[in-house]
Amino acid sequence: MRGAGPPLLIIGAASDDAEMFRPIAERLAGLTGVAGLTVVTWDPRGTRRSTRAGWPCDSYTHADDAAALLQDLGLVPAAIFGASAGGIVALRLAVRHPDLVRQVLVYEPGFFRSTDSGTALLARTTDAVRKHLRERTDDWAGALAVVARTAGRDPAARLNSPDDSAGRGPLDAPPGLEWYTERGAALAENFIRDDLPRTGETVDPALLRATGSDIRFAFGTDSAPVFREIAQTLTRARQRTGADPHLPDAINGAAHLVYLTPDPVARYIRARCLPEQEVD
């Protein structure tokens, strides 16, 4: 927990521990003379300091864990920011526990089956990982590398692909931030056994329309187009009949791994959670 002010829970993937979100949390926890937020980051079930009892698990269990955490801390209702597979959990939390949330910002959730391009990418990736693990049982780091290579071959993944000018893969950090790549590799089992299966889950459009939670979908302008398509699809699914149409939020300069682009992501969260406050 950092800072003071209205509560915000950041939900990452099972392969994202609490420390990965430190740069965003510290930017939101308040500046000298500027109001901030009480920011909570956590290790999801199965990740580092949390229990592995009942793990791997689906997004519904992770959402109930998040609800219990907020209640135990006495931080309800809270704003929620969920990214990637954590965005799936954030959405489940909004639907299952609407009384515990004030607003829910869902960034590039991995609901790949909601679009044709996402479905195709998920199928290729899952097949490649299964083949790898049949040949090399429990080689989680190798399986993660397979995911990176397969995602990099996605025709839509123009950015952060293995053939970019910097020679980086889609899960690699830029120079000077290699710690994140190393941390991600250390949590490769979590990615393969929890995050990847979670991206095969689906969301019921009727439940999206029925929930009274304040939900916003967002994508980063520097992410692969498949994530923009997912955010657009879910925004349309959320649309109630007769309501004014709106688009998902675009975060300029943000990429899929949000902790690698903390400045634009923190500005976005601050603007949504503290709209009355003007910041540079």
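Residues numbered from 1 in each chain as written. Predicted model: local features only at pLDDT ≥ 70, side-chain atom pairs only at ≥ 80, totals over all residues. Heavy atoms only, no water.

**As for the pairing of strand S4 (residues 101-107)**
Regular strands place side chains that alternate from one sheet face to the opposite one. For S4, the tally of buried residues reaches six of seven residues, placing the bulk of the element in the interior. Note: strand S3 (residues 78-83) against S4, six bridges, orientation parallel. Its bridge partner being in S4, Ile80 is matched across the sheet by Val104. Of the crossover connections in this fold, the one passing from S3 over helix H3 (residues 85-96) to the parallel S4 is right-handed. Bridging between S4 and strand S5 (residues 215-220) involves four bridges; their strand directions are parallel. Residue pairing in the sheet places Leu105 in a bridge with Arg216 of S5. (Buried < 20%, exposed > 50% of the residue type's maximum accessible area, 1.4 Å probe, protein only. Helix = DSSP H or I, 4+ residues; strand = E, 2+ residues; numbered from the N terminus. Pairing = 2+ DSSP bridges. Right-handed = clockwise from strand over helix to strand, strands pointing away.)

**Regarding helix H2 (residues 59-73)**
Spacing of three or four residues puts side chains on the same side of an α-helix, whose turn is 3.6 residues. Taking 1.5 Å of rise per residue, the 15 residues of H2 would be expected to cover 21 Å, and the 21 Å separating its terminal C-alpha atoms lies within 8% of that figure. Among all positions of H2, only Ser59, His62, Ala63, Asp65, Ala66, Ala67 and Leu70 are buried. Of the surrounding elements, those touching the buried residues of H2 are strand S1 (7-11), S3, H3 and helix H7 (188-198). Measuring from the side-chain oxygen of the N-cap residue of H2 to the backbone nitrogen of Tyr60 gives 3.2 Å; that N-cap residue is Asp58. (Expected span 1.5 Å × (residues − 1). Contact = heavy atoms within 4.5 Å. Polar contact = N/O pair within 3.5 Å; in protein donor to acceptor, adjacent residues only side chain to side chain.)

**Quick look at H7**
Burial within H7 is extensive, with nine of its 11 residues counted as buried. Contacts made by the buried residues of H7 are with H2, H3, helix H4 (116-135), helix H5 (140-152) and helix H6 (178-186).

**Section: the sheet that holds S1**
In spatial order, the strands read S2-S1-S3-S4-S5-S6; together these six strands make up an open sheet with parallel pairing. Of all the strands in the sheet, the pair left with one neighbour each is strand S2 (38-40) and strand S6 (249-251). Sheet twist, expressed as the average angle between the axes of neighbouring strands with direction ignored, equals 25 degrees. On the sheet, H2 packs against S1, S2 and S3 and is oriented at approximately 150 degrees with respect to S1. Along the sheet face, helix H10 (residues 262-273) touches S1, S3, S4, S5 and S6 and points at about 150 degrees away from the line of S4. (Axes fitted to C-alpha atoms, helices over the stretch in contact; angles between N-to-C directions.)

**Section: the pattern of salt bridges**
Taken as a whole and judged by the stated rule, the model has 18 salt bridges. A salt bridge links Lys131 to Glu135, with the shortest nitrogen-to-oxygen separation between them at 3.0 Å. Highlighted residues: Lys131 and Glu135, both in helix H4, separated by four residues, approximately one helical turn. What emerges from the salt-bridge pattern is a single network uniting Arg2, Glu19, Arg22 and Glu26. (Salt bridge = Lys/Arg side-chain N within 4 Å of Asp/Glu carboxyl O.)

**A closer look at the pairing of S5**
Buried residues dominate S5, accounting for six of its six residues. Neither face of S5 is left uncovered, since the one carrying Ile215, Phe217 and Phe219 and the one carrying Arg216, Ala218 and Gly220 both have all their residues buried. When S5 meets S6, the two strands line up parallel, connected through three bridges. Bridged to Gly220 within S6 is Ile251.

**Remarks on the side chain of Arg2**
In this fold, Arg2 is placed in the segment before S1. Every residue in contact with Arg2, bar those within four places of it in the chain, is listed here: Glu19, Arg22, Ala25, Glu26, Ala29, Leu37, Thr38, Val39 and Thr41.

**What to know about the environment of Ala254**
Position of Ala254 among the secondary structure elements: in the loop between S6 and H10. Remark: the alpha-carbon pair of Ala254 and Thr221, spanning 33 residues in sequence, is separated by 5.9 Å. Once residues lying within four places of it in the same chain are set aside, the contact partners of Ala254 are Tyr107, Gly220, Thr221, Asp222, Ser223, Thr261, Pro264 and Val265.

**Re the environment of Gly212**
As for its placement among the helices and strands, Gly212 is situated in the loop between helix H8 (205-210) and S5. Considering only alpha carbons, one finds Gly212 and Pro98, 114 residues apart in sequence, at a separation of 7.0 Å.

**Topic: the packing of H4 against H5**
Between H4 and H5, the least distance of the axes is 9 Å, while the angle of their chain directions is 150 degrees. Comparing the axis directions of H4 and H5 gives the class roughly antiparallel. The handedness of the crossing between H4 and H5 comes out as right-handed. Each of Leu121, Arg124, Thr125, Ala128, Val129, His132 and Leu133 in H4 lies in contact with H5, whose residues at this interface are Trp140, Gly142, Ala143, Val146, Val147, Thr150 and Ala151. Taken together, the residues of the contact of H4 with H5 break down into nine nonpolar, four polar and one charged. (Parallel < 35°, antiparallel > 145°, perpendicular 65-115°, else oblique. Left-handed = near helix turned anticlockwise from the far one by under 90°. Nonpolar A, V, L, I, M, F, W, Y, C, P; charged D, E, K, R; others polar.)

**A word on the nonpolar core**
Ranked by size, the top nonpolar core spans 48 residues in total, and within it Ile11, Ile80 and Leu93 carry the most contacts. Apart from residues no more than four positions distant in its own chain, Leu93 is found in contact with Ile11, Ala63, Ala66, Ala67, Leu70, Ile80, Pro98 and Val101. Residues Leu8, Leu187, Ala266 and Tyr268 belong to the second largest nonpolar core, which totals 30 residues. (Core = buried A, V, L, I, M, F, W, Y, C linked by side-chain atoms within 4.5 Å.)

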